[in-house]
Amino acid sequence: MAWVLKMDEVIESGLVHDFDASLSGIGQELGAGAYSMSDVLALPIFKQEDSSLPLDDETKHPPFQYVMCAATSPAVKLHDETLTYLNQGQSYEIRMLDNRKMGDVPEITGKLVKSIIRVVFHDRRLQYTEHQQLEGWKWNRPGDRLLDLDIPMSVGIIDTKTNPSQLNAVEFLWDPAKRTSAFIQVHCISTEFTPRKHGGEKGVPFRIQVDTFKQNENGEYTDHLHSASCQIKVFKPKGADRKQKTDREKMEKRTAHEKEKYQPSYDTTVLTECSPWPDTPTAYVNSSPSTAPTFTAPQQSACSVPDSNSSSPNHQGDGVSQASSEQLQPSATIQETQQWLLKNRFSSYTRLFSSFLGADLLKLTKEDLVQICGAADGIRLYNSLKSRSVRPRLTLYVCREQPAPQGQQQAAGGGGDGSAATPYVYHAIYLEEMVASEVARKLALVFNIPFHQINQVYRQGPTGIHILVSDQMVQNFQDESCFLFSTVKAENSGGVHIILK
């Protein structure tokens, strides 16, 4: 047994010696200068992989670059879009740079291009209501523009145009081969479009967007070449400088580790590529406001009779009120949603919600609607969507007296066996105003009586006398009172009198 163990030790020591000998020459063969990294990368396998990588010439190269001479905020996190603070009414230079390489877009060589600069909303919800927001701003500041060109300071721009109906856009022609700088002035401030104005509120961000076009076959500048934009906030004069200083001081108080999470502040703002603004140059020049889509609502009789079993104010005899109080269903199509908006007196928002289904509109919160439509219309639209009807001030139950034998009338009134009598069906009418004219109008709508033919409304009093129904009498009606009524032809005219019993 000892002999076997000794043989194992000999074999093991021999194997170790042979392995050490096999590795002894590796350091000498791969000494310094034996191989270089370039020799390694020159191997066929690395050449094959390197040829599959995209070259610099194959990467997308924008034809233009726009640089605004305003510093970016240092309080922007990495991978977020830059934010630039501007002062209201101050001129800021936007350099229009030709970024083409040799042979790129040769069709514009020696020719002019057209650029449109816009100030637009950054918030998507405000973009949907841009027209209403800008109209409100125009109403509050008549004669002012949101965006202007400082022509005396600008260089290389020609044929400048500002359209009176496009307060947030300017356009001009320029030659890419020449130095071009457009100086812009933004006159609106970010807090002018916030829903609450109590002081200290956070202003909404805007975007400066530049769209550039070349001429088409007809010589019109409609062929899109390039678009870029950046995010801005506009403050009252000197406010942007104070905000920039505040952000810088906050960053100085942060630790080195925290500072690594934020972008450095740059002296200029480079506009990043984006999609072109939906409005084409042709639409901008013509500037004809697009009309709201119109839909022909099904005609309803103004004197339609409602469901007699209904006891809800949403089912009044007023055919128009009944149509307007119908709740919007989530399954409503775009056209049905448009019809609902028209019936409920939201016609000014049909263009805004032209692509909304019923479900889309119902998903909007009260805050969304207030921000989109303003406080008054936003709350009204929210209440209409949630079917929040106004509680009636007075409810009356009315039945039209049918011409029938006296015996049947007494039976119907409960004086005898009513098994053979035709039951009286009452209709509910709801009064929002406690006036006599409202009673006549509701009776006309429920019972198909032309309103203009009703001369007077009387109430039958003691011993059968007829008492004129006045506003004071209506105010003293008990809620949920029941009346039979009949009509009597007026003697001196073709109208009728209504008698409540």
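One structure accompanies this document, and this report is about it. (Residues numbered from 1 in each chain as written. Predicted model: local features only at pLDDT ≥ 70, side-chain atom pairs only at ≥ 80, totals over all residues. Heavy atoms only, no water.)

### Some details on the overall build of the protein chain
So the rule is basically this: The secondary structure listing takes helices from DSSP runs of H or I that are at least 4 residues long and strands from runs of E that are at least 2 residues long, numbered from the N terminus. Three exposure classes are used, based on accessible area relative to the maximum for each residue type with a 1.4 Å probe and protein chains only: buried under 20%, partly exposed in between, and exposed over 50%. Working rule for contacts: check all heavy atoms of both residues, and any pair within 4.5 Å makes them a contact. For every accessible area listed, the method is Shrake-Rupley and the probe measures 1.4 Å; residues are considered covered only by the protein chains on display.
Scanning the protein chain from N- to C-terminus turns up 17 helices and 18 strands. Residues counted as buried form 36% of the 501 residues belonging to the protein chain. A separation of at least 24 residues holds for 69% of the contacts in the protein chain among residues at least 6 apart in sequence. For the protein chain, the exposed area adds up to about 30000 Å²; of that, 52% sits on carbon and sulfur atoms.

### Quick notes on the side chain of S481
Using the following cut-off: Whenever a nitrogen or oxygen atom comes within 3.5 Å of another N or O atom, the pair is scored as a polar contact, on the condition that within protein one atom can donate a hydrogen and the other can accept it, and that pairs from neighbouring residues in sequence are kept only if both atoms are in side chains.
One can find S481 in strand β17 (residues 481-489). For S481, a relative accessible area of 15% puts it in the buried group. There is a polar contact of 2.5 Å between the side chain of S481 and the backbone oxygen of Q478. Leaving out residues up to four positions away in the same chain, S481 has contacts with T395, L396 and Y397.

### Overview of the environment of P450
Structurally, P450 is set in the loop between α16 (436-446) and β15 (454-460). Under the relative-accessibility criterion, P450 is labelled partly exposed at 34%.

### Quick word on the sheet that holds strand β16 (residues 466-468)
Short version of the rule: By this definition, two strands are paired if DSSP reports at least two bridges between them. Angles shown run from 0 to 180 degrees and are taken between the N-to-C directions of axes, each axis being a line fitted to C-alpha atoms and, for helices, limited to the stretch in contact.
Ordered by their spatial adjacency, six strands build an open sheet running β14-β13-β17-β18-β15-β16, and the pairing between neighbours is mixed. Strands at the two margins of the open sheet, each flanked by one partner only, are β14 (427-431) and β16. For this sheet the average axis-to-axis angle between neighbouring strands, irrespective of direction, equals 40°. Across three bridges, β15 lies against β16 in antiparallel orientation. When the bridges of β16 are listed, Y458 appears paired with L468.

### Regarding the packing of aromatic side chains
Condition: Between rings of Phe, Tyr and Trp, where Trp is taken as its six-membered ring, a pair exists when centres lie within 6.5 Å; planes separated by under 30 degrees are stacked, by over 60 edge-to-face, and by other angles tilted.
Using the criterion set out here, one finds seven aromatic pairs in the structure. Both rings, one in F121 and one in F206, keep their centres 5.9 Å apart while their planes meet at 45°; by these two values the pair is tilted. Of the two residues, F121 is situated in strand β4 (residues 113-121) and F206 in strand β9 (residues 206-215); the sequence distance between them amounts to 85 residues. With respect to class, F121 is no different from F206; both count as buried. Ring geometry for F477 and F483: centres 5.3 Å apart, planes at 50°, overall tilted. With relative accessibility at 4%, the residue F483 sits in the buried group.

### Some details on the nonpolar core
Short version of the rule: As used here, the term nonpolar core means buried Ala, Val, Leu, Ile, Met, Phe, Trp, Tyr and Cys residues forming a set that is joined through side-chain atoms within 4.5 Å.
I117, F206 and I208 are the most contacted members of the largest nonpolar core, which totals 40 residues. Top contributing element to this core by residue count: strand β10 (residues 221-235), with five residues. Contact partners of F206, with chain neighbours within four places excluded, come to V119, V120, F121, H122, C188, I189, S190, F193, C230, Q231, I232 and V234.

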